[in-house]
Amino acid sequence: MCPRVLLWHQQHPLQLISCHWMRRRKLKVCHLLATWVVFSSFLLQLSVHHASAKCHSRVPRACEAICINSETTTATTSSSSDGHGHEWKCELRIIVIMPSNTSIEASYPRVHPVLLKSEEYIRSQQIIPPSVAIRWIHYDDKCDQARATVSAMDGTGLECGHVILGPTCDLALAPVARIGRFINNAGVPVITGAGYTFDFVQRKTLCEDEFFMLIRTGSLSFKRIAFFMIDLLR
């Protein structure tokens with residue numbers, strides 16, 4: 001029997017196609033993918049925070065920055081000095097919206113250990129500054145659209161999250177990916193291993209695009225899988 005694929009829903013046809021390949025490369029691919037997610041989250045937040053093209057403008061909250069002068073916050077994060085007597089506290093808050101039900105492949109209990117392992121690797125390689133803490137904030141959306149939307153709002157509003165990881169169910173992903181461009185002053189990137197249906201693979205380069213802030217970690221979609229099956233049958 002083929003092993004479970006960590007970052008994909010158990011009912012996705014992609015699992016059937018990639019099963020043999022993933023049997024040999026599962027751990028390596030999952031590790032590299034999770035490392036990419038953590039590192040890209042850091043880079044995306046830096047680029048988004050300083051982006052000139054915004055879907056809407058408002059006065060940014062102090063917590064929207066990764067590094068904040070210690071005089072403006074009391075949060076418990078990593079801290080460093082800039083050499084001028086100013087103490088800075090730096091924390092990257094990643095909102096993880098995934099179901100807790102382990103019968104679903106891309107569930108939080110299955111994915112979280114891989115994310116922690118990738119964070120450990122990034123620390124060991126000094127890819128991001130050691131003064132930047134990473135906090136994983138999980139919300140159980142139960143693959144439900146309403147729960148996922150509320151989770152995104154609470155995570156970015158109450159917790160002041162910088163990046164959203166998930167949702168991993170397409171129905172729950174859609175509303176979160178739509179509102180990502182309007183959250184905070186410059187929008188919040190939404191990174192997911194899901195998003196196989198047609199709308200998720202359309203253009204995402206302009207604010208007018210429906211899923212402007214959505215980033216899919218893979219290039220496959222149901223449309224590509226369908227063409228693959230057609231070519232295979234030929």
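Structure's up top.
This is a predicted model, so every value here is computed, not measured.

### Focus on helix 2 (residues 108-125)
- With 18 residues, helix 2 should cover 26 Å at 1.5 Å per step; its first-to-last C-alpha distance of 25 Å lies within 8% of that length.
- Among the residues of helix 2, Tyr108, Val111, Val114, Leu115, Ser118, Glu119 and Ile122 are the ones counted as buried. Along the long axis of helix 2, the arc covered by the buried residues comes to 145 degrees, so they all point the same way.
- Just beyond helix 2, the residue with positive phi is Gln126, at close to 55 degrees.

### Observations concerning the side chain of Arg181
- Mapped onto the secondary structure, Arg181 falls in the loop between helix 4 (170-179) and strand 6 (190-192).
- Polar contacts involving the side chain of Arg181 include one to the main-chain carbonyl oxygen of Cys207, which spans 2.4 Å.
- In this structure the side chain of Arg181 is engaged in a polar contact, spanning 3.1 Å, whose partner is the backbone oxygen of Asp209.
- The contact partners of Arg181, leaving out residues within four places of it in the chain, are Cys55, His56, Gly187, Cys207, Glu208, Asp209, Glu210, Phe212 and Met213.

### Things to note about the pairing of strand 4 (residues 132-139)
- Counting buried positions over the 8 residues of strand 4 gives 6, a clear majority of the element.
- Summarising the sheet, strand 3 (residues 87-97) and strand 4 pair through 8 bridges and their orientation is parallel. Residue pairing across strands places Glu91 opposite Ala133, the latter belonging to strand 4.
- Viewed along the sheet, the connection from strand 3 through helix 2 into strand 4 turns out right-handed.

### Describing the packing of helix 3 (residues 145-157) against helix 4
- Two elements in contact, helix 3 and helix 4, have axes separated by 7 Å at closest approach and are oriented at 35 degrees. Pair helix 3 / helix 4 crosses with right-handed handedness. Contacts between helix 3 and helix 4 involve Gln145, Ala148, Thr149, Ala152 and Met153 from the first element and Leu171, Ala172, Pro175, Val176 and Ile179 from the second.
- Residue classes in the contact of helix 3 with helix 4 are distributed as 8 nonpolar, 2 polar and no charged.

### A short note on the environment of Phe198
- Looking at the secondary structure, you find Phe198 in the loop between strand 6 and strand 7 (214-216).
- Separated by 23 residues in sequence, Phe198 and Ser221 have C-alpha atoms that sit 7.3 Å apart.

Rules used in this analysis
Residues numbered from 1 in each chain as written. Predicted model: local features only at pLDDT ≥ 70, side-chain atom pairs only at ≥ 80, totals over all residues. Heavy atoms only, no water. Helix = DSSP H or I, 4+ residues; strand = E, 2+ residues; numbered from the N terminus. Expected span 1.5 Å × (residues − 1). Buried < 20%, exposed > 50% of the residue type's maximum accessible area, 1.4 Å probe, protein only. Arc of directions from axis to C-beta. Polar contact = N/O pair within 3.5 Å; in protein donor to acceptor, adjacent residues only side chain to side chain. Contact = heavy atoms within 4.5 Å. Pairing = 2+ DSSP bridges. Right-handed = clockwise from strand over helix to strand, strands pointing away. Axes fitted to C-alpha atoms, helices over the stretch in contact; angles between N-to-C directions. Left-handed = near helix turned anticlockwise from the far one by under 90°. Nonpolar A, V, L, I, M, F, W, Y, C, P; charged D, E, K, R; others polar.

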